[in-house]
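Residue-level structural notes
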Amino acid sequence: MLFLKVQKHLNLKVMKNFMIQLAVALASSGAAMASPCDTLRDALTTRTLTADRSYVLEGMVKIENGQVLTIDPNVTICAMPGSGLVIEKGGRLYANGTAGNMITFTSAQPAGLKAPGDWTGIVFIGDAGNNKPADLIQRGALQYRYGGTDDTYSGGIMRYVSIEYAGQVTGSNTHNAALVAGALGSATVMEYIQVLESGSDGIRLLGGMNNLSHIYIQNAHKNDISIAYGYRGAIQELLAVKNTRMRTFDINSAGISVINNELSSTATPHTFPLINSFTLAGPQQCGSLPGDRSAGLFFDHNSAGTFENGVVSGFDHNIVIQDNLSASRTATDLTLRYLSIGNAGTQIADFRGSSWTPCGADIINWLQTDPCGTSGNIQYDAVVQDYHTTICDDYCDNAPVFQLGQSTEISKREDLEQYAGALQNIPVFTWVNTCPAAGCCANTHRTWQSLECYPNPARHTVTLAVPVTAGTAHVRVIHIHTGRLVYQAEVSAGNIDLDIAHYPAGSYLVQVQTPDIIYQGIVQKSE
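Keep in mind it's a predicted model, so treat the numbers as computed, not measured.

**Digging into the overall build of the chain**
Tallying secondary structure elements over the chain gives four helices and 34 strands in all. By the burial criterion, 56% of the 527 residues in the chain qualify as buried. Sequence-distant contacts, at least 24 apart, represent 68% of the contacts inside the chain between residues at least 6 apart.

Printed below as a string of structure tokens:
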């Protein structure tokens, strides 16, 4: 029995902390937080998930060749730590939600304690062309080669789907992202998808020709979208935001990263995305990120593509061309048109190769004068990305309104629709839910136990007394007041000495995940 002392007069912050601690206590004691639900594990046979039940992913769950998983609108699937969903080649996922009843994949952690990287995410293995056929996507003990010759291959449908707190980086997993599309073909449908609070990339597109539309990515820790290995699809209506008032990010993150092939830069089919109507708000849009070296659009290893009607701001460099081969494509098929670029931390654009030889005197000259017909109608403005003020709020305190601000220079243009990216003078992306709060059922908490932490309170080092002494453990530390993940690491099991000397004073949720049990407790960092 756990007793919590509550003072007579609680302010809102204290009450929030109390409710979080109560949730931890209930989870650790095995108390039910929702109705019982179905557990999905191992290989699934053809079935339909209906909204009158709740579901739990446990471990790596597969949809094998010839099997079909259909998910009805308004279904919530909660993923245990380390779990994920793989749609193998020949399998199909039909997740067809609606604007009012989205399908939600979320963390199995209690509401208020979910954090980026709680689970691995969703992976599709397709049969379309790619230029790195020996590449592997690995999830735990599962390894997959993706790709083939069917550029029309269909992995199914994802429509009005929310993927929350995925992107776990652990062990030998490769291509870490909340959603990975490995060589999907043009018959695959992906639209109205939101990816929230990923612990790594938001979306990875590896080869293939599948198209995406109406995509919202919020606070991906690394790249919002990574494109590589012969991807030749189109992305339309993309909004990606990194809000430093809610999270911290990898200092080398990117909005959109494009490479051809790092091992063979001339490999074919050549990576060539078509991206239209996009807005990328980087980590400096809403504040600062110490040591930030982020890039809005990042090109490397002989990459190309067409990028039109986009707004890029709030990155350390809004456009980066990393290598000579990508720079050479500015004379032919690396095309930027109708872009609005501003609010860069260090510089609008940067070339990091050895010598600029293709188009114009340098990268800025290429962008400003369009000597090769590949960079027309680009505008620079210090206030180019002025939005409704709520875009930089904590979205769980104040839901953002996604529209242009009144003072932005974009809104004064007669050709507004060509320059404004994904946002306009009226609210858009009204279908997204920026503060996920889906609850999970009782089965998700059955393996949790309390964690002894001493000394507690502590100022410098606290010992985590983990009963399991063999193998490895995954440690995560979450600042309770802000919900930020402040530390995670893979360590040897057994007693763990955690250095908290550099943490601000306050309460922290500490979790230690072993193969069978999740231990958790609260550490108080003193002044």
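**Here we look at the packing of aromatic side chains**
In this description, an aromatic ring pair is defined by two values, namely the gap between the centres and the angle between the planes. Counting across every chain of the model gives 13 aromatic pairs. Their ring planes at 55° and their centres at 5.3 Å tell us that Tyr216 and Phe402 sit as a pair that is tilted. Of the two residues, Tyr216 sits in strand β16 (residues 211–218) while Phe402 sits in the loop between β26 (379–380) and α4 (416–419), which places them 186 residues apart along the sequence. We classify Tyr216 as buried; its relative accessible area is 0%. Judged by its relative accessible area of 2%, Phe402 falls in the buried class. An aromatic cluster is present here, built from Tyr160, Tyr192, Tyr216, Tyr395, Phe402, Phe429 and Trp431 joined pairwise through their rings.

**A short note on empty space enclosed by the protein**
Inspection of the entire model under this criterion finds one cavity of 30 Å³ or more. Residue lining of the largest cavity: Pro81, Gln109, Gly117, Asp118, Gln168, His474, Arg476, Gln511, Val512, Gln513 and Ile518, and that is the complete set. Elements represented by at least two residues in the lining of the largest cavity include exactly β30 (472–479) and β33 (506–513). Each residue belonging to the lining of the largest cavity can be placed in one class, and the counts come to three nonpolar, six polar and two charged.

**Some details on the side chain of Ser253**
Position of Ser253 relative to the elements: it lies in the loop between β18 (234–241) and β19 (254–259). Owing to a relative accessible area of 1%, Ser253 belongs among the buried residues under this scheme. With residues near it in sequence (within four places) discarded, Ser253 still touches His221, Lys222, Asn223, Lys242, Pro283, Ser294 and Ala295.

**Thoughts on the pattern of salt bridges**
Under the criterion given, the structure shown has 16 salt bridges. Residues Arg159 and Glu191 are paired through a salt bridge, measuring 2.5 Å at the closest nitrogen-oxygen approach. Of this pair, Arg159 sits in strand β12 (residues 156–164) while Glu191 sits in strand β14 (residues 189–196), placing them 32 residues apart in sequence. Among the ionic pairs, Arg247 bridges to Glu197, the shortest N-O distance being 2.7 Å. Here the residue Arg247 occupies a position in the loop between β18 and β19, and Glu197 occupies one in the loop between β14 and β15 (201–206), the gap between them amounting to 50 residues. The exposure class of Arg247 is buried, given its relative accessible area of 11%. Among the charged side chains, a network of salt bridges with common partners joins Asp38, Arg47 and Arg53.

Here is what the cut-offs are and how they apply
- Residues numbered from 1 in each chain as written.
- Predicted model: local features only at pLDDT ≥ 70, side-chain atom pairs only at ≥ 80, totals over all residues.
- Heavy atoms only, no water.
- Helix = DSSP H or I, 4+ residues; strand = E, 2+ residues; numbered from the N terminus.
- Buried < 20%, exposed > 50% of the residue type's maximum accessible area, 1.4 Å probe, protein only.
- Contact = heavy atoms within 4.5 Å.
- Phe/Tyr/Trp six-rings, centres within 6.5 Å; stacked < 30°, edge-to-face > 60°.
- 1 Å grid on protein atoms, 1.4 Å probe; cavity = no way out; pocket = protein on both sides within 12 Å on 5 of 7 lines; lining within 4 Å.
- Points joined across faces, edges and corners; volume = space filled by probe spheres on them.
- Nonpolar A, V, L, I, M, F, W, Y, C, P; charged D, E, K, R; others polar.
- Salt bridge = Lys/Arg side-chain N within 4 Å of Asp/Glu carboxyl O.

Fair warning: the whole summary comes from geometry, so function is off the table for now.
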